[in-house]
Amino acid sequence: MPKEPMMLLSYINTQLRDFYPDFQSLCNDKGADAEMIVQKLRSIDYEYDANLNRFV
């Protein structure tokens, strides 16, 4: 997974759009630390929107 926040945002949203019904499914499948991703994306003012299934 990309470490740079904007690249991470693009990667996560693409994965959510193309492969996963929700953020937790993505994290479980990839073995990713959900809290670390949320914090990193929050640092650039993005939050997960469950209704849209993407970070906005």
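Residues numbered from 1 in each chain as written. Predicted model: local features only at pLDDT ≥ 70, side-chain atom pairs only at ≥ 80, totals over all residues. Heavy atoms only, no water.

Q: When you look at helix H2 (residues 23–30) in this model, what are you seeing that I'm missing?
A: Because the α-helix completes a turn every 3.6 residues, residues three or four places apart line up on one side. Every buried residue of H2 is accounted for by Phe23, Leu26 and Cys27. Looking down the long axis of H2, one finds its buried residues gathered within 95° of arc, a one-sided arrangement. Opposite the packed face of H2, turned more than 90 degrees from it, sit the exposed residues Asn28 and Asp29. At its buried positions, H2 is contacted by helix H1 (5–18), helix H3 (34–42), strand S1 (48–49) and strand S2 (54–55). Where H2 begins, the capping side chain belongs to aspartate 22, and its oxygen is found 3.2 Å from the backbone nitrogen of glutamine 24. Of the residues one or two after H2, glycine 31 is the one with positive phi, at around 65°. (Buried < 20%, exposed > 50% of the residue type's maximum accessible area, 1.4 Å probe, protein only. Helix = DSSP H or I, 4+ residues; strand = E, 2+ residues; numbered from the N terminus. Arc of directions from axis to C-beta. Contact = heavy atoms within 4.5 Å. Polar contact = N/O pair within 3.5 Å; in protein donor to acceptor, adjacent residues only side chain to side chain.)

Q: For this particular structure, what's the right way to read the packing of H1 against H3?
A: The relative placement of two packed helices comes down to the angle between their axes together with the axis-to-axis distance. Contact geometry of H1 with H3 gives a least axis separation of 9 Å together with a crossing angle of 120°. As the angle between them shows, H1 and H3 are arranged oblique. Here H1 runs over H3; the crossing is left-handed. On the side of H1, the interface is formed by Pro5, Leu8, Leu9 and Ile12, while H3 contributes Ile37, Lys40 and Leu41. Each residue belonging to the contact of H1 with H3 can be placed in one class, and the counts come to six nonpolar, no polar and one charged. (Axes fitted to C-alpha atoms, helices over the stretch in contact; angles between N-to-C directions. Parallel < 35°, antiparallel > 145°, perpendicular 65-115°, else oblique. Left-handed = near helix turned anticlockwise from the far one by under 90°. Nonpolar A, V, L, I, M, F, W, Y, C, P; charged D, E, K, R; others polar.)

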